[in-house]
Amino acid sequence: HREGTEFTSVKVLVVQTATRGYGRFELKHGATDLALIEPLIRQSDEALDNGGPVDLIVWPEGAVPRPMNFEYRYSHLYERLQDWIKRRRTALVFGAASHDLAVDETGLFNSVFYFTADGQMASNEYRKKNLVPIAEYMPLMPSLSNHGFLAGDRFRSFDLGRIKVTPILCYD
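Residues numbered from 1 in each chain as written. Predicted model: local features only at pLDDT ≥ 70, side-chain atom pairs only at ≥ 80, totals over all residues. Heavy atoms only, no water.

**A few points about the overall build of the protein chain**
The helix and strand tally for the protein chain stands at 3 helices and 7 strands. Going from N to C terminus, the protein chain has its helices and strands arranged as β-α-α-β-α-β-β-β-β-β. A burial count over the protein chain gives 39% of its 172 residues as buried. Considering only contacts within the protein chain whose residues lie at least 6 apart along the sequence, 65% involve residues at least 24 apart. Surface accessibility of the protein chain: about 10,100 Å² in total, with carbon and sulfur atoms responsible for 52%. (Helix = DSSP H or I, 4+ residues; strand = E, 2+ residues; numbered from the N terminus. Buried < 20%, exposed > 50% of the residue type's maximum accessible area, 1.4 Å probe, protein only. Contact = heavy atoms within 4.5 Å. Areas by Shrake-Rupley, 256 points an atom, 1.4 Å probe, with all protein chains shown as cover.)

Listed below in structure tokens is the structure:
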């Protein structure tokens, strides 16, 4: 602590559920994308109801089983998250895939998204820079490159008002 330096206190709620591989297993076996986020919403609600308000909720990598780019903002999944965030008046950071067809034909990234406490999604997500070999991409096998994620090119910070948060995912 340097003299004259001010510190900002931020209350954060971290929620983790047990899903397998970005919900792919559950989706293949009949679960809906909304059914996969409901446990996170329930756990978050329970923690907020028992512990009081927080400045930020953090859900895990791959928490939302569908791409969540800005162009998906009219989907039922996006609307459910937005309505819940507005009701709770708490910012949310979570992991999900994102598409960018301008970058690549498959254009799939392992990403982090940020919703403000008033339910607005930041226009740019963070795209994971350092991918896990085999799990997220196939090294030395370009023919299988469309079976994984693409690497992002930079870190990104989300402005929470009083502080900025820079997410990292697993191998970053």
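**A look at the pattern of salt bridges**
Going through the model one piece at a time under the given rule, you end up with 6 salt bridges. The partner of Arg 80 in a salt bridge is Glu 38, and the shortest N-O contact between them spans 2.9 Å. Remark: Glu 38 occurs in helix H2 (residues 33-51) and Arg 80 occurs in helix H3 (residues 76-88); sequence separation between them is 42 residues. For Arg 80, a relative accessible area of 27% translates into the label partly exposed. Asp 49 is the salt-bridge partner of Arg 88, the closest N and O atoms lying 3.0 Å from each other. Residue Arg 88 is found in helix H3, and its partner Asp 49 is found in helix H2; the two are separated by 39 residues along the sequence. With relative accessibility at 56%, the residue Asp 49 sits in the exposed group. Through salt bridges that share partners, Asp 45, Asp 49, Arg 87 and Arg 88 make up one connected network. (Salt bridge = Lys/Arg side-chain N within 4 Å of Asp/Glu carboxyl O.)

**Some words on the sheet that holds strand E3 (residues 91-99)**
On the basis of which strands lie adjacent, the open sheet formed by 5 strands has the order E1-E2-E3-E4-E5 and mixed pairing. Of all the strands in the sheet, just strand E1 (12-14) and strand E5 (126-127) have a single pairing partner and so form its edges. One ladder, built from 3 bridges, connects E1 with strand E2 (residues 56-58); its direction is parallel. Bridging from a neighbouring strand, Leu 13 pairs with Ile 57 of E2. Contacts from H3 reach E2, E3 and strand E4 (108-115) within the one sheet, and its direction differs from that of E3 by about 170 degrees. (Pairing = 2+ DSSP bridges. Axes fitted to C-alpha atoms, helices over the stretch in contact; angles between N-to-C directions.)

**A closer look at the side chain of Gln 82**
Structurally, the position occupied by Gln 82 is in helix H3. Assessed through its relative accessible area of 14%, Gln 82 is described here as buried. Once residues lying within four places of it in the same chain are set aside, the contact partners of Gln 82 are Phe 115, Gly 119 and Gln 120.

**Brief notes about unusual backbone geometry**
With a phi close to 55 degrees, Arg 89 is a non-glycine residue in the positive phi region. Along the chain, Arg 89 falls in the loop between H3 and E3.

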